[in-house]
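Chain residues, written in single-letter form:
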Amino acid sequence: LNHVVHNGGLYKRPFNEAFEETPMLVAVLTYVGYGVLTLFGYLRDFMRQWKIEKCQNATEREEQKDFVPLYQDFENFYNRNLYMRIRDSWNRPICSVPGAKVDMMERVSHDYNWTFTYTGKVLKGIINMGSYNYLGFAQKAGTCQEAAAKVLSQYGAGVCSTRQEMGNLDKHEELEKLVARFLGVESAMAYGMGFATNSMNIPALVGKGCLILSDELNHASLVLGARLSGATIRIFKHNNMQSLEKLLKDAIVHGQPRTRRPWKKILILVEGIYSMEGSIVRLPEVIALKKKYKSYLYLDEAHSIGALGPSGRGVVEYFGLNPEDVDVMMGTFTKSFGAAGGYIGGKKELIDYLRTYSHSAVYATSLSPPVVEQIITSMKCIMGEDGTTVGKARVQQLAENTRYFRRRLKEMGFIIYGNEDSPVVPLMLYMPAKIGAFGREMLKRNIGVVVVGFPATPIIESRARFCLSAAHTKEMLDTALKEINDVGDLLQLKYSRHRLVPNLDRPFDETTYEETED
């Protein structure tokens with residue numbers, strides 16, 4: 001409620017986010033841990049150089065010692081000596097549908113994670129807490145799969161052409177009209193790859209003489225698109241409206257460097273849900289600033305479309321805002337819709353322009369027909385156009401699962417980042433040794449989790465990232481929570497100084513603290 005008062009009524013609902021400060025002792029021990037690893041890394045590099053230890057990493061051949069080096073030894077130091085120790089926590093091969101439970105192929109390493117061999121055994125029924133299957137549409141049976149199979153038999157698997165040549169199917173046209181209706185915009189365009197939707201379209205929208213204001217925690221696809229555009233890039237602090245407004249003021253007052261001419265365009269880049277922090281963009285404030293300073297807004301809804309809002313229409317609906325206030329609405333079909341590809345929605349003039357000038361539209365192969373049908377069927381289910389309430393029930397189930405899971409983790413004493421309504425739930429691990437240990441211990445207990453460390457996060461903010469799904473039952477979540485609690489005790493991960501008081505009579509959305517926050 002404080003946010004409603006302090007932001008002049010911009011927010012129509014409570015907006016609660018938590019980023020508890022790293023305890024000083026934990027931060028010191030984390031730096032010490034990385035220091036010890038670095039010292040041992042140099043020792044092992046010395047041993048490899050003198051052939052005391054076998055050298056497994058890529059090195060230059062003796063005949064090429066006078067050439068410009070292909071491999072920079074120091075640049076690969078982190079990979080050799082830190083990442084390699086916990087490499088088994090990533091790239092685990094699964095051999096089933098990435099639904100609420102998965103089957104995983106067992107692998108072992110006999111040379112400290114430099115190589116892996118498969119044992120032939122399959123680990124069955126692992127609870128999947130890592131996939132972006134927010135609404136549970138990653139299935140091998142059901143209406144979506146039946147519709148996709150029917151389209152596969154009619155159209156085949158691939159299109160073998162771009163949209164501008166022989167690859168524009170009636171299904172693509174149907175999808176784009178449906179997406180525009182779903183978003184509440186004039187027009188929309190679909191692309192075959194979510195990453196390329198950002199990286200290839202931003203250069204078509206801005207160029208030299210333009211200014212991009214980008215959140216410091218934006219996804220790599222937004223960062224790459226901004227760099228490829230040739231526009232000037234300035235970074236504002238994560239979700240910090242004072243920082244954004246200062247950059248906007250400076251841009252308008254000072255103009256371009258040296259010439260002091262006005263910027264051709266000012267484009268603000270933000271995400272709906274930030275996939276590493278679990279935070280939700282302060283969209284009402286961003287739109288207010290955008291209108292005040294006459295700039296443009298590019299909103300990436302990769303993680304928020306389908307996952308937020310009463311009917312799954314994303315962060316715009318979540319805040320009760322008008323879609324017309326967002327100039328470029330981007331999102332992906334890879335998460336909530338259980339498919340592949342991305343889209344951009346907005347005014348008809350914008351979409352017509354992108355059809356001609358976007359590299360993704362002109363040069364990339366069209367979306368596969370069965371994938372298009374998966375998106376169409378799942379989107380109609382969410383909208384209720386299939387004649388059922390299954391889609392709405394999934395959106396509500398995801399919201400309930402998110403609130404329940406976050407609340408229980410906080411009651412246990414873990415430091416949890418992000419917004420209380422975000423299905424992306426980062427649990428802070430901090431120390432490098434605990435990254436691998438947490439992933440391995442959870443897998444022993446039949447829980448599949450994603451652990452994240454440097455350089456994907458700041459060096460002292462390693463974390464485990466859970467992604468909730470509507471397909472998770474309460475029994476699955478309780479099983480996962482019990483194991484997380486046990487592993488948290490084993491690895492001493494309960495760092496929070498603001499532990500929630502459990503109260504079974506309390507409604508879902510209320511919280512009580514043992515002590516007042518600073």
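How each quantity is defined
- Residues numbered from 1 in each chain as written.
- Predicted model: local features only at pLDDT ≥ 70, side-chain atom pairs only at ≥ 80, totals over all residues.
- Heavy atoms only, no water.
- Helix = DSSP H or I, 4+ residues; strand = E, 2+ residues; numbered from the N terminus.
- Rg over C-alpha atoms; globule rule 2.2 N^0.38 Å.
- Contact = heavy atoms within 4.5 Å.
- Lys, Arg positive; Asp, Glu negative; His and termini not counted.
- Charge placed at Lys NZ, Arg CZ, Asp CG, Glu CD.
- Pairing = 2+ DSSP bridges.
- Core = buried A, V, L, I, M, F, W, Y, C linked by side-chain atoms within 4.5 Å.
- Buried < 20%, exposed > 50% of the residue type's maximum accessible area, 1.4 Å probe, protein only.
- Domains from an automatic or database assignment.
- Right-handed = clockwise from strand over helix to strand, strands pointing away.
- UniProt positions renumbered as here; feature names shortened; annotations may be inferred.
- Salt bridge = Lys/Arg side-chain N within 4 Å of Asp/Glu carboxyl O.
- Axes fitted to C-alpha atoms, helices over the stretch in contact; angles between N-to-C directions.
- Parallel < 35°, antiparallel > 145°, perpendicular 65-115°, else oblique.
- Left-handed = near helix turned anticlockwise from the far one by under 90°.
- Nonpolar A, V, L, I, M, F, W, Y, C, P; charged D, E, K, R; others polar.
- Expected span 1.5 Å × (residues − 1).
- Phe/Tyr/Trp six-rings, centres within 6.5 Å; stacked < 30°, edge-to-face > 60°.
- Lys NZ or Arg CZ within 6 Å of the ring centre and 35° of its normal.
- pLDDT = per-residue confidence, 0-100.

Visitor: Help me understand the overall build of the chain in this model?
Guide: Helix and strand counts for the chain come out as 16 helices and 15 strands. The C-alpha atoms of the chain give 24 Å as radius of gyration, which agrees with the globular expectation for 518 residues (24 Å, within 12%). For the chain, the spread of C-alpha atoms along the principal axes amounts to about 70 × 65 × 60 Å. For the chain, the proportion of contacts with a sequence separation of at least 24, taken over those separated by at least 6, is 70%. The distance from the centre of the 63 positive side-chain charges to the centre of the 58 negative ones in the chain is 3 Å.

Visitor: Just to check I follow, could you spell out the sheet that holds strand S2 (residues 101–108) for this structure?
Guide: Sheets are built from strands paired through backbone hydrogen bonds, the pairs being either parallel or antiparallel. Spatial strand order, S2-S3-S13: three strands in an open sheet with mixed pairing. The sheet terminates laterally at S2 and strand S13 (447–448), the two strands that pair on one side only. The sheet contact formed by S2 and strand S3 (residues 117–128) spans six bridges and is antiparallel. By the bridge assignment for S3, Lys 101 is matched with Ile 127.

Visitor: So what exactly am I meant to see when it comes to the nonpolar core here?
Guide: Proteins that are soluble and globular tend to have nonpolar side chains buried together. Met 129, Phe 405, Leu 409, Phe 438 and Phe 466 are the most contacted members of the largest nonpolar core, which has 105 residues in total. Two domains each put at least three residues into this core: domain 1 (20–128 + 389–499) and domain 2 (143–383). Ignoring anything within four residues of it in the chain, the contact list for Phe 438 reads Leu 429, Val 449, Val 451, Ala 464, Phe 466, Val 487, Leu 491 and Leu 493. By size, the runner-up hydrophobic cluster in this structure holds 21 residues, among which are Leu 205, Leu 269, Ile 344 and Leu 354.

Visitor: Where do I start with the pairing of strand S7 (residues 266–271) in this structure?
Guide: The two faces of a sheet get side chains in turn, since along a regular strand they alternate between them. Most of S7 is tucked away: six of the six residues are buried. Pairing analysis gives four bridges linking strand S5 (residues 211–215) to S7, with the strands arranged parallel. Bridge pairing in S7 places Leu 211 opposite Ile 266. Inspection of the sheet shows S7 paired to strand S8 (residues 296–300) by five bridges, in the parallel sense. When the bridges of S8 are listed, Ile 268 appears paired with Leu 297. Taken together, S7, helix H9 (residues 283–292) and S8 form a β-α-β motif whose crossover is right-handed.

Visitor: Where do I start with the UniProt feature "domain: Aminotransferase class I/classII large" (unreviewed entry) in the chain in this structure?
Guide: If you check UniProt for "domain: Aminotransferase class I/classII large" (unreviewed entry), the listed places come out as residues 125–484 in our numbering. Counting secondary structure, residues 125–484 comes out at 43% helix and 17% strand; the distance between its end C-alpha atoms is 17 Å.

Visitor: Which parts of the structure should I look at to understand the pattern of salt bridges?
Guide: When charged atoms on two side chains of opposite charge get close, those side chains can pair. Taken as a whole and judged by the stated rule, the model has 31 salt bridges. Among the salt bridges present, the one from Lys 171 reaches Glu 373, with a minimum N-O distance of 2.8 Å. Of this pair, Lys 171 sits in helix H5 (residues 170–183) while Glu 373 is found in helix H13 (residues 369–383), placing the two residues 202 residues apart along the sequence. Accessibility classification places Lys 171 together with Glu 373 in one group, the buried group. Between Lys 292 and Glu 245 there is a salt bridge, and its shortest N-O distance comes to 3.1 Å.

Visitor: Can you help me understand the packing of helix H8 (residues 241–254) against H9 in this one?
Guide: For any two helices packed against each other, the geometry comes down to the angle between their axes and how far apart the axes lie. As a packed pair, H8 and H9 sit with axes 11 Å apart at the nearest point and diverge in direction by 15°. The pairing of H8 with H9 is recorded here as roughly parallel in orientation. Our pair here, H8 against H9, has a crossing hand that is right-handed. Residues Met 241, Leu 244, Glu 245 and Leu 248 of H8 form the contact with H9, whose own contacting residues are Glu 285, Val 286, Leu 289 and Lys 292. Classifying every residue of the contact of H8 with H9 gives five nonpolar, no polar and three charged.

Visitor: How should I be thinking about the UniProt feature "transmembrane region" (unreviewed entry) in the chain in this particular structure?
Guide: The feature "transmembrane region" (unreviewed entry), as annotated in UniProt, sits at residues 24–43 in this numbering. Helix makes up 100% of residues 24–43 and strand 0%, with an end-to-end C-alpha separation of 29 Å.

Visitor: Is there a simple way to think about helix H6 (residues 194–205) in this case?
Guide: Residues spaced three or four apart along an α-helix point in a common direction, a consequence of the helix completing one turn every 3.6 residues. Taking 1.5 Å per residue, twelve residues should reach 16 Å; H6 reaches 17 Å between its end C-alpha atoms and fits that length. The element H6 is extensively covered by neighbouring structure, given that nine of its twelve residues are classed as buried. Those residues of H6 lying buried are Gly 194, Ala 196, Thr 197, Asn 198, Ser 199, Asn 201, Ile 202, Ala 204 and Leu 205.

Visitor: Sorry, what's going on with the environment of Ile 86 here?
Guide: With respect to the secondary-structure elements, Ile 86 resides in the loop between helix H3 (77–81) and S2. The class of Ile 86 is buried, set by a relative accessible area of 12%. For the pair Ile 86 and Ala 149, spaced 63 residues apart in the sequence, the C-alpha separation amounts to 40 Å. Among all residues touching Ile 86, those that are not within four sequence positions of it are Asn 113, Ile 435, Gly 436 and Arg 440.

Visitor: Got a minute to help me understand the sheet that holds strand S12 (residues 424–430) in this structure?
Guide: What the three strands build is an open sheet, ordered S12-S15-S14; its pairing is antiparallel. Each of the sheet's edge strands pairs with one partner strand only, and the pair in question is S12 and strand S14 (450–452). Pairs of neighbouring strands in the sheet enclose a mean axial angle of 25°, with direction left out of account. Note that S14 and strand S15 (residues 462–467) share three bridges and pair antiparallel. Among the inter-strand pairings, Val 451 is bridged to a residue of S15, identified as Ala 464. Here helix H15 (residues 432–444) sits on the sheet in contact with S12, S14 and S15, set at roughly 130° to S12.

Visitor: Help me understand the packing of aromatic side chains, please; the structure alone is not making it clear to me.
Guide: The geometry of two aromatic rings is summed up by the distance between their centres and the angle between their planes. Taken as a whole, this structure holds 17 aromatic pairs when the rule is applied. Site record: aromatic cluster; members linked through ring pairs are Tyr 11, Phe 15, Tyr 318 and Phe 319. Positioned above the aromatic ring of Phe 116 is the side chain of Arg 107, whose terminal nitrogen or guanidinium carbon lies 4.1 Å from the ring centre. The residue whose ring lies beneath Arg 394 is Phe 137, and the NZ or CZ to ring-centre distance is 4.4 Å.

Visitor: It is not clear to me how the confidence of the model for the chain should be interpreted in this structure. Could you clarify?
Guide: Low pLDDT means the predicted atomic positions in that stretch should not be read closely. Averaged over all residues, the pLDDT of the chain equals 91, while 94% of them reach at least 70. Of the regions scoring below 50 in pLDDT, residues 503–518 engages in 23 contacts with residues more than four places distant in sequence or in other chains.

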